[in-house]
Structure formats: C-alpha cells, structure tokens
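Structure at a glance
Chain by chain, the residues run as shown.
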Amino acid sequence: MPDSDWWQALWPNPRDVILALGVEAHRDTVDLCCGDGLFTAPLAAVSRWVFAIDIDERMLEQAKKQVAGAGATNCEFLRADAYEVARIVPRPVDFVLMANTFHGVPDKARLARAIAAILRPGGHVAIINWHRRSREETVVLGQPRGPRTEMRMSPEAVQGFLEPADLRHTRTVELPPYHYGSIFERPQAPCLT
C-alpha cells in the first residue's frame, strides 16, 4: 500500500471522487479492499452505513483512524478476504466501491459474482482503476506510480469480468489525472404481469 502522501497528492479531495461515482446519500455501502481509508471516510459522510473490508489488519486500523478523525460513527470494519463479501456483510447494500485493487485480483470473475450477490436490485458497483498507460507516464510526486504496466486494465476489460455476473455497465467516468471509474448496476427484478 502506498503512503498516504502520494494518495493525497493524487486525490486531494476524495469526496469529489465519491460524488463523481454517483454515490447517493443515505444508502448502505461497502468499501471493498478499503486500504487505509482514503475513500472510507468520505463514503461515511454521505452513506447511511459503511462496511469497510480489508484483509490487512494494519490497513483497517488506519482506516478506523481516518473515519474517527472525520467524526463518523456509521462504519463497521471487517477483516476478511474480498471474495467473502457476500458472506460477511449481513444485508444487501446499495453501493460497492473497489478502488485501485481489481487489477490484482487473481479470480476476477469470482469476485464479480460475490459483489453481485451483495447488491440490492438497482444497486451499483464502482471499480476505480489506473488507465492502461505505461507506469512511467503516471508520475506522482516525481516518481512513477501505480501497478506494473502489464497489470493495468482498460474499462472494456473490467466490463468483461463484471457483465457475466449480471452487472450492467452504466457509465465510465474520468478521475484525473490517471484513473477512471467503471460503474455497473445490478438490474431490477423483472416485473411480472
């Protein structure tokens, strides 16, 4: 996990990123692979409840400090593997955010199915990824940053994993300077007449 200084240089206002992704107020959300809580605190500011999930206890402790520093009390921190999201989150949610980690998931199709299983019909998932540019082109604080070039995924590649899990791509937003957010929706149940 990179240090917080360069995340802060990259995204000085994480709340703007949350709003660009279309997180609606007073909803239940999951910050999947929350890391140090960069997006957890702003999610807590707009959500009814946040489930912050990470496999690394040290990252969860940092996320707890971020959320506490923002004065939020509507967040539950869960140490678990991302594949277990549907098992550990006690109820369906409206929004799942996964930032800067999907590229490194070994079984992306399995994770997409797990995310779909936790979403309410009409719920959304946003995957934030680095654009598919060479690492040498993505400089933050004077250093090349982000995953290895060959690990980076195009929005179409992300779609290729989420759409088979019955998650419909609704839009992709630019998150300057080097990222995009792909947003998907779990379809509403069909009306029976």
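Small disclaimer: the values here were computed from a predicted structure and weren't measured.

Calculation rules
Residues numbered from 1 in each chain as written. Predicted model: local features only at pLDDT ≥ 70, side-chain atom pairs only at ≥ 80, totals over all residues. Heavy atoms only, no water. Helix = DSSP H or I, 4+ residues; strand = E, 2+ residues; numbered from the N terminus. Rg over C-alpha atoms; globule rule 2.2 N^0.38 Å. Buried < 20%, exposed > 50% of the residue type's maximum accessible area, 1.4 Å probe, protein only. Contact = heavy atoms within 4.5 Å. Areas by Shrake-Rupley, 256 points an atom, 1.4 Å probe, with all protein chains shown as cover. Lys, Arg positive; Asp, Glu negative; His and termini not counted. Charge placed at Lys NZ, Arg CZ, Asp CG, Glu CD. Salt bridge = Lys/Arg side-chain N within 4 Å of Asp/Glu carboxyl O. Pairing = 2+ DSSP bridges. Right-handed = clockwise from strand over helix to strand, strands pointing away. 1 Å grid on protein atoms, 1.4 Å probe; cavity = no way out; pocket = protein on both sides within 12 Å on 5 of 7 lines; lining within 4 Å. Points joined across faces, edges and corners; volume = space filled by probe spheres on them. Nonpolar A, V, L, I, M, F, W, Y, C, P; charged D, E, K, R; others polar. Core = buried A, V, L, I, M, F, W, Y, C linked by side-chain atoms within 4.5 Å. Arc of directions from axis to C-beta. Polar contact = N/O pair within 3.5 Å; in protein donor to acceptor, adjacent residues only side chain to side chain.

In terms of helices and strands, the protein chain carries seven helices and nine strands. Relative to the 2.2 N^0.38 estimate, which gives 16 Å for 193 residues, the radius of gyration of the protein chain is 16 Å and therefore close to what a compact globule would have. Scored against the burial criterion, the 193 residues of the protein chain give a buried share of 50%. Counting only contacts in the protein chain whose residues sit at least 6 apart along the sequence, the fraction spanning at least 24 positions is 66%. By element, 51% of the accessible surface of the protein chain is carried by carbon and sulfur atoms, the whole surface being about 9,200 Å². The average position of the 22 basic charges and that of the 24 acidic charges among the side chains of the protein chain differ by 2 Å.

Further remarks concern the pattern of salt bridges. Oppositely charged side chains are able to pair whenever their charged atoms sit close together. Evaluation of the coordinates by the stated rule reveals 14 salt bridges. Between Glu24 and Arg27 there is a salt bridge, with its nearest N and O atoms 2.8 Å apart. Residue Arg168 pairs with Glu185 through a salt bridge whose shortest N-O separation is 2.2 Å. Note that Arg168 is positioned in strand β8 (residues 168-175) and Glu185 in strand β9 (residues 179-185), a separation of 17 residues in sequence. Judged by relative accessible area, which is 43%, Arg168 ranks as partly exposed. Residues joined by salt bridges that share partners form a network here, namely Glu24, Arg27, Asp28, Arg48, Arg91, Asp94 and Arg120.

Attention now moves to the pairing of strand β4 (residues 93-99). Taking burial as the measure, the seven residues of β4 include seven buried ones, the bulk of the element. As defined by bridge partners, strand β1 (residues 28-32) adjoins β4 across four bridges and the pair is classed as parallel. In the sheet register, Leu32 faces β4, and the bridge partner there is Met98. Regarding the hand of the β-α-β motif, the stretch spanning β4, helix α6 (residues 108-118) and strand β5 (residues 119-130) is right-handed.

To continue, consider the layout of surface pockets. Approximately 190 Å³ is the volume found for the second largest pocket. The wall of the second largest pocket is formed by 14 residues, among which Gly22, Glu24, Phe95, Gly122 and His124 lie closest to the centre. For the lining of the second largest pocket, the elements supplying multiple residues, two or more each, are β4, β5 and β8. The biggest single contributor to the lining of the second largest pocket is β5, with four residues. Looking at the lining of the second largest pocket residue by residue, the classes come out as five nonpolar, five polar and four charged.

Counting residues in hydrophobic clusters, the biggest one holds 33 residues, and the most contacted among them are Leu10, Trp11, Leu21, Phe39, Leu97 and Ile128. Broken down by secondary-structure element, the contributors of at least two residues to this core are α1 (4-10), α2 (14-20), α3 (40-46), β2 (49-54), α4 (57-69), β4, β5 and β8. Top contributing element to this core by residue count: α3, with four residues. If we skip the residues at most four places from it in the chain, Trp11 touches Val17, Leu38, Phe39, Asn100, Ile128, Leu175, Pro176 and His179. By size, the runner-up hydrophobic cluster in this structure holds 32 residues, among which are Tyr83, Ile88, Ala112 and Ile115.

A separate point is helix α7 (residues 155-162). All of the buried residues in α7 are Pro155, Val158 and Leu162. Looking down the long axis of α7, one finds its buried residues gathered within 60° of arc, a one-sided arrangement.

Tracing the backbone through its elements, the reader meets Thr138 in the loop between β5 and β6 (139-140). Side chain to side chain, Thr138 and Arg152 meet in a polar contact 3.1 Å long. Setting aside chain neighbours within four positions, we find Thr138 in contact with Trp130, Arg133, Gln143, Pro144, Arg145, Arg152 and Tyr178.

Function cannot be read off these values alone, since they describe shape.
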